[in-house]
Amino acid sequence: MAPTAAPTRAVDPIPRVAGLPLLGSTPAFLRDARGLVLRAQAQHGDAFELRVLGQPVTVLLSPQATKEVYVDRASTFSSERGWSFTIGPLFARGLMLRDFEDHHLHRRVMQHAFRRAALAGYMTRVNALAREHVARAVAGAGPDGVDVYDMAKRLTLDIAAQVFVGVRLGAQADLVNDAFVAMMRASVAPVRREVPGTAFARGMAARRRLRAFLADLVAERRAAPEGEDLLSRLAHATTDEGRALDVDEVVDHMVFLLLAAHDTTTATLTVMLWHLAQEPAWQDRIAGELATLDGGDVTIDTYKQLVAAELVMKEALRLSPPVPFSPRGVVRDCEVAGVPLRAGQMITLASLALHRHPDWWAEPDRFDPLRFAADRAEDRAHSHLYVPFGGGAHICLGNHLAELMTKAVIAAVLAEHRVRARPGQRMEMAAVPIPKPRGGLRLVVA
Ligand code: HEM
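Source: prediction; values computed, not measured.

### Section: the site of the ligand
The ligand sits among 30 residues. The nearest are H103, R107, R328, H394 and C396. Take W83: an N or O atom from its side chain is 2.9 Å from an oxygen atom of the ligand. When residues of the shell around the ligand are traced back to their parent elements, those giving at least two are α4 (100-110), α10 (247-278), β5 (326-330) and α14 (399-414). Looking at the shell around the ligand element by element, the count peaks at 6 residues for α10. In the shell around the ligand, the residues fall into 21 nonpolar, 7 polar and 2 charged.

### Observations concerning the sheet that holds strand β9 (residues 419-420)
The strands making up a sheet associate through hydrogen bonds between their backbones, and the pairing can be parallel or antiparallel. On the basis of which strands lie adjacent, the open sheet formed by 3 strands has the order β4-β12-β9 and antiparallel pairing. Two strands bound the open sheet, and with one partner strand each, they are β4 (146-147) and β9. As defined by bridge partners, β4 adjoins strand β12 (residues 442-445) across 2 bridges and the pair is classed as antiparallel. Note that in β12 the partner of V146 across the bridge is L443.

### Section: the pattern of salt bridges
Under the criterion given, the structure shown has 31 salt bridges. E363 is the salt-bridge partner of R366, the closest N and O atoms lying 3.3 Å from each other. Residue classification places R366 among the partly exposed residues on the basis of a relative accessible area of 41%. For E363, a relative accessible area of 52% corresponds to the exposed category. A salt bridge links D368 to R376; the shortest N-O distance between them is 2.8 Å.

What counts and what doesn't
Within any chain, residue numbers begin from 1 and follow the written order of that chain's sequence. In view of the model being predicted, local features appear only for residues whose pLDDT reaches at least 70, and side-chain atom pairs are presented and counted only at 80 or more, with totals across whole chains, interfaces and linings using the full set of residues. Only hydrogens and water are removed before side-chain values are computed, so all heavy atoms of the structure are retained for them. For each residue, the test is whether any non-hydrogen atom lies within 4 Å of the molecule or strand; if one does, the residue is near. Definition of a polar contact: a pair of N or O atoms within 3.5 Å, with one able to donate and the other able to accept a hydrogen when the atoms are protein atoms, and with sequence-neighbouring residues admitted only if both atoms are side-chain atoms. Secondary structure follows DSSP: runs of H or I at least 4 residues long count as helices, runs of E at least 2 residues long count as strands, and numbering of each begins at the N terminus. Residues are grouped as follows: Ala, Val, Leu, Ile, Met, Phe, Trp, Tyr, Cys and Pro are nonpolar; Asp, Glu, Lys and Arg are charged; every other residue, Gly included, is polar. Only strands that DSSP links by at least two bridges are regarded as paired with each other. We define a salt bridge as a contact between a side-chain nitrogen of Lys or Arg and a carboxyl oxygen of Asp or Glu at a distance within 4 Å. When a residue's accessible area, from a 1.4 Å probe over protein chains only, is under 20% of the maximum for its type it is buried; when over 50% it is exposed; and in between it is partly exposed.

Structure follows, in structure tokens:
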């Protein structure tokens, strides 16, 4: 007699995490997203469904699932559908909110602003701004030290205004900064409709102001030869057939780039400085490498020499990935790493838990930059175990620039100072939407 066929995984239902009536797991998610996901993983394994922000989402945690979704050989996973859920109307038509052919075309055009020559041009101003901000923060430090989160945030906003948009300090830079802050607040606001008086309505109004301002600048930049700021690079970029983007398209890309570049870099710097504050030996190692830089600037030619800074950056990005989830909408029925998925379903990858997967990392919660050194290379155990910049077609377009900017700021801090925490000091990080220390982070910088 033929054996009865055992049920295949394809018909197994995905386990559901029990949550509160109506709210599901939203409160737990906002309070401690990593804890929620890791507890669910301990109970259910590498695939389970959570109900968050009013929507069921299947969380996929294995490196293999991460690979299949990012590589997306059959164009099955929509980044636009995944991300619209949170940043939707505020950052509409940004690169991450485009899919497949359309995404490919826009990404090729945008690459012009991320080529080596372009990155080299941005760095002169980035280094100068980093030094200015660090000097100002140290000079104005109170008895508890410098709020390094606040310092990093102001600095990255200035980089956004001056290096990306190409406006100098003053009213124009304030307009960019204020609009951007209002949009960021709106992107995590619970009310998602333009009800007057809400953060969301203020964010959408700010988007309109920022778009109008940027549209005028695009016209100006196009009328002049290509300049060194990112907006000018984008304004002059063309498709393979020589077509320039419409003004509206350039503006939408720029608005999204401000989002992509800003809080991510701020979070990386904050986490690095926190861990460095407990590890004076790593500070000395980084300072030793900085001393070999000719002229002190971090440039496109020198940044790869800063090996110790790179190891610390990698470890900070592992422990607190600035983009902790990569959501996708499933376009058609399929299976990922043995998990059946239906068209229309919302899924998410979750680097915040993958980067601490207990089966793959040694002492996952411990700060240990040497796990990335060539002789250990824990991250190489699977091609998609360590994905702070994502993977596949949507892999971060600004990853080299992020590394350059981060190293420039760390250099500005450690060339002349050392950071330390106060005895018994702790840092509590909110992991979503982007890591942020609850109550800021004050460190002694001396
Ligand atoms: C440490 C800092 C940063 C981290 C950790 C980071 C991480 C990421 C991740 C994980 C994605 C992919 C998300 C997904 O597929 O769901 C992404 C996309 C993107 N990032 Fe970054 N990012 C950083 C800084 C930057 C900077 C500085 C820029 C530009 C100036 C930038 C521009 C972009 C763009 C344009 C995309 C969309 C790419 C696409 O859809 O093709 N990022 N980033």
